[in-house]
Amino acid sequence: MNQDVRYVPDLVYREVPGFRPLELDLYLAQADVPLTVIVHVHGGGWRRGSRRHPLPRLGADFYQRLAGRGFAVAAVDYRLSGEARYPAAVDDVRAAVGWVREHAADYGLDGDRMFLWGDSAGGHLALMTALTGGDVQGVVAWFPVTDLAGLVADVAAAGGTPDPGPESREALFLGAPAAAVPDLAREASPVAYASAAAPPVLLMHGAADDLVPPAQSIRLAEALRGAGAAVELELVPGATHFWNGAQDVDAIVRRSAEFLALRRAEPAR
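Report follows, based on the coordinates. Small disclaimer: the values here were computed from a predicted structure and weren't measured.

## Here's the deal with the sheet that holds strand 1 (residues 5-14)
Here's step 1: With mixed pairing, eight strands are arranged side by side in an open sheet as 1-2-4-3-5-6-7-8. One side of each edge strand has no neighbouring strand; the edge strands of this open sheet are strand 1 and strand 8 (231-236). Averaged over all neighbouring strand pairs, the angle between strand axes comes to 20 degrees, with direction disregarded.
Here's step 2: Of the strand pairs in this sheet, strand 1 and strand 2 (residues 22-29) are connected by seven bridges, and their pairing is antiparallel. When the sheet's bridge partners are listed, Val8 is paired in strand 2 with Leu26.
Here's step 3: Against the sheet, helix 2 (residues 88-102) makes contact with strand 1, strand 2, strand 3 (35-41), strand 4 (72-76) and strand 5 (109-119), and its axis sits at roughly 125 degrees relative to strand 1, the strand it touches most.
Here's step 4: Where helix 8 (residues 215-227) meets the sheet, its contacts fall on strand 7 (201-206) and strand 8, and the angle it forms with strand 8 comes to roughly 160 degrees.

Written as structure tokens, this is what we have:
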């Protein structure tokens, strides 16, 4: 652990009867002023993953390095699809944002200046939270699912292996294949919530991703721009999912952190 970063683990942010307590870990930079908070949401197809295991190519000290840039990081767990279906995970991430805001003074945080950051399914949950009233100042989403109804066709068009069946990741998340529940799939898709009220969004996606194709980020970027929202889209050449094939993952992290650092300097929304 970086000596300049304080680690506060296992904070229960939500208790839903019948489920395990939901926890987050805090990574806190040394600072003389309240810290801007990044709420980080892990990926894993909504069905696996942990706040303790960031993407392998990021390194085990990813959260510490983010905190070393002068942020606080709240790494959160949420209910996976084997525990509860949509909207449970979105509700959990929204609750985590609320908990951080409510307890900001206890940990030297700026409860009025918060960001969301997630990858893959975590990017989807971060976007859903931010675009449906999550009250944050910005979002970084890496290779996110943004349009559940369009995912099968996008995968096929990208040369991947589409899975329209009941055991697909999105079917387990929704409770049924997206084609069987089109209204629910739309409700659970960030692209449905593009509006001028959206906070600034940075979308970063591997140009060669055939698991969650870049068409998903392109579609959301177009919808946000059309609505008058601030959005930046960057496609990483040669990169597939999880940043495999990317030549410089550290540059991707820097780009993302700098996007939030610029938003940090702006007046709170």
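That was the structure; now back to the text.
## A word on the packing of helix 2 against helix 4 (residues 121-131)
Here's step 1: Look at helix 2 against helix 4: their axes get within 9 Å of each other, and the N-to-C directions meet at 65 degrees. Considering the angle they form, helix 2 stands roughly perpendicular to helix 4. The way helix 2 lies across helix 4 gives a crossing that is right-handed. Of the residues in helix 4, those touching helix 2 at Ala89, Val90, Val93, Arg94 and Val97 are Leu125, Met128 and Thr129.
Here's step 2: Class assignment for the residues of the contact of helix 2 with helix 4 results in six nonpolar, one polar and one charged.

Parameters and conventions
- Residues numbered from 1 in each chain as written.
- Predicted model: local features only at pLDDT ≥ 70, side-chain atom pairs only at ≥ 80, totals over all residues.
- Heavy atoms only, no water.
- Pairing = 2+ DSSP bridges.
- Helix = DSSP H or I, 4+ residues; strand = E, 2+ residues; numbered from the N terminus.
- Axes fitted to C-alpha atoms, helices over the stretch in contact; angles between N-to-C directions.
- Contact = heavy atoms within 4.5 Å.
- Parallel < 35°, antiparallel > 145°, perpendicular 65-115°, else oblique.
- Left-handed = near helix turned anticlockwise from the far one by under 90°.
- Nonpolar A, V, L, I, M, F, W, Y, C, P; charged D, E, K, R; others polar.

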